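Observations on the three-dimensional arrangement
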Protein chains: 2
Amino acid sequence: MTATTPLPAGSTIGILGGGQLGRMLALAAARLGMKTHIFCPDAESPAFDVTPLKTVAAYDDETALAAFADAVDVVTYEFENVPAATAEFLAARKPLRPGANALAISQDRLAEKGFLSARNIAVAPYRPVDSPPALEAAITELGLPAVLKTTRLGYDGKGQRIIRAPGEAAAAFAALEPKPLVLEAFVPFEKEISVVVARSADGSVKNFDPAENVHRDHILKTSTVPADIPPALERHAAMMAKAIVIALDYIGVLGVEFFVVTAEGRASLLVNEIAPRVHNSGHWTEAVCLTDQFEQHIRAICGWPLGDVTRMADVVMENLIGDEVLAAVDSAAGVQVHLYGKREVRAGRKMGHINRIAPKTATV
Amino acid sequence: MTATTPLPAGSTIGILGGGQLGRMLALAAARLGMKTHIFCPDAESPAFDVTPLKTVAAYDDETALAAFADAVDVVTYEFENVPAATAEFLAARKPLRPGANALAISQDRLAEKGFLSARNIAVAPYRPVDSPPALEAAITELGLPAVLKTTRLGYDGKGQRIIRAPGEAAAAFAALEPKPLVLEAFVPFEKEISVVVARSADGSVKNFDPAENVHRDHILKTSTVPADIPPALERHAAMMAKAIVIALDYIGVLGVEFFVVTAEGRASLLVNEIAPRVHNSGHWTEAVCLTDQFEQHIRAICGWPLGDVTRMADVVMENLIGDEVLAAVDSAAGVQVHLYGKREVRAGRKMGHINRIAPKTATV
């Protein structure tokens, strides 16, 4: 297919990753008459329950990857840590959407921050760190507290240490080395918001309303829409998210997390991180938008026009973590439940989410 | 499971029938963390694309039915013409929801009309017909025009003949015999509306707002909500639908079609037919309700509490019939598309539907 020829219904979408995001992508694809083929090394993947087409293999199994590429019309993924070699192998055979470029940038905190900074998109001050002396120099420049992070493979608070006093630096470095690291200035942010944005194959861009996010134990707990921020900041967040997908020549849905920082009475935004995929903070779209983020991603990667992102109600998305899922059956009025079909309830594991809606409040 | 013990997430729902209704039921079940196993004789069934669990076998294949029953936790169906023997065979092994009683009544126009009439639920005047003289007598009693219908297996206008003049009676009888027949008085109805109602295992009942239906070539073309009828008639339709599921001791979603008849300036309702399943005229719920009719059915048959049926916007559902589906990609703002993944586009075949929404108008 060329960039703008829509894939016909009945085509097969290959999805790397079989977790809840892959599962919800597959359900959205089915609503548009598409088939999905899930590739995941874990034989117990939740996404395997929603399609007959699957490959259980490692991401570096080139025989399996080649057969997978042959069986599908377009390839996408539910997680940003797809190995670069896997992405290149597949992209040589079928359209990979979003492209390998977006993966490479978002997999590496340094590359990501460099990419954004070069485009005048504000991020928290940062310094690369490859040795204890480099860490010491970075602390001197950025001040404390600061956060030392691995540049790759961090998520949900894993792969990072807060350094509050100079004496904590050595232990933090020892805990995370020998991985490449980055020190980020600790931003005294007021709140975190995120924007889920989509860009279609023909270059048009639409974003969902910003969500205000609250984390608990480093895991997203709630996303509330509308976010309690001034309208000008909402527009600014949307503009920055749009600038990012345009700069990446991106096709698909992308999540952008922002810190809202207020200095001298004036609120501004820093990009915390970007995720080249559907995003947990966009699950609220299922309840109150005609097109949810999963369908929007499928539309984009299939070369379809983007769907309507109008929000019909106010909403709070709440993740069900660990055994919180057990109470989901007793849901009340105004609540939509989504469960992921995971075999085992484990502490800290995202098992499902609920969307609580309320009549839409007028925005100023 | 007992009537009110909820099936836990991860349970398997068996669905008889692999068409678009079975497919949409399976998608809704997946959102609640359930697995689905589709039983259908047609190897090309659209519902087979959304689950790895399937049985391709005839509905009277008892070996296949027994294995299917063993593999699932509850059995439901997407069509009312499940053979009675199949229903009994399965009901002896696993909970069958809705029950065999609802199937038996709704499969037979005479049984259905008798059931409704006995409960003072108005239907069009009718007479059973088993011979040309019986038809002649029925015509004398009901007048012309009238509609001669097979009592069983009629749908989308199949299995019926309008008789406008006495001279047409013999040909109509000849075209439909030797099947059991029923003559229905031709009701000069103003419009057709329908109500999708659900009853949970613990007996609570909720209905979606009534839809106003327009048919083309005997196939549903549009369902519009709100229906353009007085509020009192809306309430009356809901009350009648609720009375029917209570009388049937029903578990699941049921569709009730009504004729709106105006005589001497006063509108009243006649039940046209009932369908013990999710209903084409309820597809609009996907776009504008927190719980759609498919999830509501899954909730009911799994012993879960019913979900919220509040409508967030006005909506028109339009079936995409035959090659109308080909234009679905170019959908405009305010439109939600749903395609069924059918392999072949055929004239008169339901290929998908769209929901067009508009801001909710206040009801009087």
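Residues numbered from 1 in each chain as written. Chains lettered and ligands numbered in written order. Predicted model: local features only at pLDDT ≥ 70, side-chain atom pairs only at ≥ 80, totals over all residues. Heavy atoms only, no water.

Our next topic: the overall build of chain A. When its secondary structure is counted, chain A shows ten helices and 17 strands. A principal-axis box enclosing the C-alpha atoms of chain A has dimensions of 60 × 50 × 40 Å. Burial analysis of chain A (364 residues in total) assigns 59% to the buried set. Taking contacts inside chain A between residues at least 6 apart in sequence as the whole, the part at least 24 apart equals 63%. In the structure as shown, chain A presents an accessible area of about 14,000 Å², 54% of it carried by carbon and sulfur atoms. Taking the average location of the 35 positive side-chain charges in chain A and that of its 42 negative ones, the two points are 3 Å from each other. (Helix = DSSP H or I, 4+ residues; strand = E, 2+ residues; numbered from the N terminus. Buried < 20%, exposed > 50% of the residue type's maximum accessible area, 1.4 Å probe, protein only. Contact = heavy atoms within 4.5 Å. Areas by Shrake-Rupley, 256 points an atom, 1.4 Å probe, with all protein chains shown as cover. Lys, Arg positive; Asp, Glu negative; His and termini not counted. Charge placed at Lys NZ, Arg CZ, Asp CG, Glu CD.)

It is worth spelling out the interface of chain B and chain A at this point. Taken residue by residue, the interface counts 37 residues in chain B and 37 residues in chain A. Taking both partners together, chain B and chain A bury about 3,100 Å²; carbon and sulfur atoms supply 62% of that area. It is Leu290, Met312 and Val329 of chain B that lose the most area in chain B upon contact with chain A, and together they represent 20% of the buried surface on that side. Where chain B touches chain A, the interface holds zero salt bridges. On inspection of chain B and its partner chain A, the count reaches eight residue pairs in polar contact (both at pLDDT 80 or more). Put simply, the parts of the chain that give the side of chain B that touches chain A at least two residues each are helix H1 (20-31), helix H9 (285-288) and strand S16 (335-339) of chain B. For the side of chain B that touches chain A, the leading source of residues is S16 of chain B, giving five residues. The residue inventory of the side of chain B that touches chain A, partitioned by class, reads 22 nonpolar, seven polar and eight charged. (Buried area = accessible area lost by both parts, 1.4 Å probe. Salt bridge = Lys/Arg side-chain N within 4 Å of Asp/Glu carboxyl O. Polar contact = N/O pair within 3.5 Å; in protein donor to acceptor, adjacent residues only side chain to side chain. Nonpolar A, V, L, I, M, F, W, Y, C, P; charged D, E, K, R; others polar.)

Before going further, it helps to examine the packing of helix H2 (residues 62-71) of chain A against helix H3 (residues 84-91) of chain A. Residue and element names in this part refer to chain A. Put simply, H2 and H3 touch, their axes get as near as 10 Å, and they point 40° apart. In terms of their interaxial angle, H2 and H3 are classed as oblique. The crossing of H2 and H3 is right-handed. Contact residues: H2 offers Glu62, Leu65, Ala66, Phe68 and Ala69, while H3 offers Thr86, Phe89 and Leu90. (Axes fitted to C-alpha atoms, helices over the stretch in contact; angles between N-to-C directions. Parallel < 35°, antiparallel > 145°, perpendicular 65-115°, else oblique. Left-handed = near helix turned anticlockwise from the far one by under 90°.)

It is worth spelling out the side chain of Lys221 of chain A at this point. Residue and element names in this part refer to chain A. Looking at the element boundaries, Lys221 is found in strand S12 (residues 219-225). On the basis of relative accessibility, which here comes to 7%, the residue Lys221 falls in the buried class. Here Asn319 takes part through its backbone oxygen, which lies 2.6 Å from a polar atom of the side chain of Lys221. One polar contact links Lys221 to Glu324, side chain to side chain, over a distance of 2.6 Å. Each residue touching Lys221, except ones within four places of it in the same chain, is listed here: Val214, His215, Arg216, Met317, Glu318, Asn319, Ile321 and Glu324.

On to the relation of the copies chain B and chain A. Expressed as a screw transformation, the operator carrying chain B onto chain A has a rotation angle of 180° and an axial translation of 0.0 Å, and the superposed copies differ by an RMSD of 0.0 Å. Look at the turn and shift together and you get a two-fold axis relating the two. (Least-squares fit on C-alpha atoms with pLDDT ≥ 70 in both.)

Let us now look at the sheet that holds strand S3 (residues 53-55) of chain B. All names here are of chain B. In spatial order, the strands read S3-S2-S1-S4; together these four strands make up an open sheet with parallel pairing. Each edge of the open sheet carries a strand with a single partner, namely S3 and strand S4 (74-77). Taking the axes of each pair of neighbouring strands and ignoring which way they run, one obtains an average angle of 25° across the sheet. Across three bridges, the pairing between strand S2 (residues 35-39) and S3 is parallel. (Pairing = 2+ DSSP bridges.)

Relative to the helices and strands, Ala91 of chain A is located in helix H3. As for Ala91 of chain A and Val74 of chain A, which are separated by 17 residues in sequence, their C-alpha atoms are 9.3 Å apart.

Leu144 of chain A connects to Pro145 of chain A through a cis peptide bond whose omega is -5°. Checked against the element boundaries, Pro145 of chain A lands in the loop between helix H6 (132-142) and strand S6 (146-150). Residue Pro178 of chain B is bonded to the preceding Glu177 of chain B through a cis peptide linkage, with omega at 10°. Structurally, the position occupied by Pro178 of chain B is in the loop between helix H7 (169-176) and strand S8 (181-185). The backbone of Asn120 of chain B shows a phi angle near 60°, a positive value even though the residue is not glycine.

The next subject is H6 of chain A. Residues and elements named next belong to chain A. Taken together, the buried positions of H6 are Leu135, Ala138, Ile139 and Leu142. Axial view of H6: buried residues confined to an arc of 100°, hence all on one face. Facing away from the buried side of H6 by over 90 degrees, the exposed positions are Pro133, Glu136, Thr140 and Glu141. (Arc of directions from axis to C-beta.)

Another aspect to go through is the pattern of salt bridges. Counted by the stated rule, this structure contains 44 salt bridges over all chains. Across the pair Arg299 of chain A and Glu295 of chain A runs a salt bridge whose closest N-O atoms are separated by 2.9 Å. Highlighted residues: Arg299 of chain A and Glu295 of chain A, both in helix H10 (residues 293-301), separated by four residues, approximately one helical turn. Of the two residues, Arg299 of chain A and Glu295 of chain A, neither departs from the other in class, the shared state being buried. Its salt-bridge partner being Arg31 of chain B, residue Asp292 of chain B comes within 3.0 Å of it at the nearest N-O pair. Here Asp292 of chain B is found in the loop between H9 and helix H10 (293-301), whereas its partner Arg31 of chain B is found in helix H1, with 261 residues between them in sequence. Of the two residues examined, Asp292 of chain B and Arg31 of chain B, each falls in the buried class. Each of Arg216, Lys221, Glu318, Glu324 and Arg356 of chain A takes part in salt bridges that share partners, so that together they form one network.

This next bit is on the nonpolar core. Within the largest apolar cluster, 148 residues are counted, with the highest numbers of intra-cluster contacts made by Leu16 of chain A together with Leu16 of chain B. Setting aside its immediate chain neighbours within four residues, Leu16 of chain B contacts Phe39, Tyr59, Phe68, Val75, Thr76, Tyr77, Glu78, Phe79, Val82, Thr86 and Leu90 of chain B. Ranked by size, the runner-up nonpolar core spans 29 residues in total, among them Ile121, Tyr126, Ile229 and Val256 of chain A. (Core = buried A, V, L, I, M, F, W, Y, C linked by side-chain atoms within 4.5 Å.)

All names here are of chain B. For Met240, the position within the fold is in helix H8 (residues 231-247). Separated by 121 residues in sequence, Met240 and Thr361 have C-alpha atoms that sit 25 Å apart. Not counting residues within four places of it along the chain, the set of residues in contact with Met240 comprises Ile121, Ala122, Phe258, Leu269 and Val271.

With that settled, consider the sheet that holds strand S1 (residues 12-16) of chain A. Residues and elements named next belong to chain A. Strand order in the open sheet formed by four strands is S3-S2-S1-S4, with parallel pairing between adjacent strands. Two strands close off the open sheet at either side, each with one partner strand: strand S3 (53-55) and strand S4 (74-77). Neighbour to neighbour, the strand axes of the sheet diverge by 25° on average, direction disregarded. Pairing between S1 and S4: four bridges, direction parallel. In the strand pairing of S4, Ile13 is matched with Val74. Where H2 meets the sheet, its contacts fall on S1, strand S2 (35-39), S3 and S4, and the angle it forms with S2 comes to roughly 170°.

Functional significance is not addressed by these values, which are geometric in nature.
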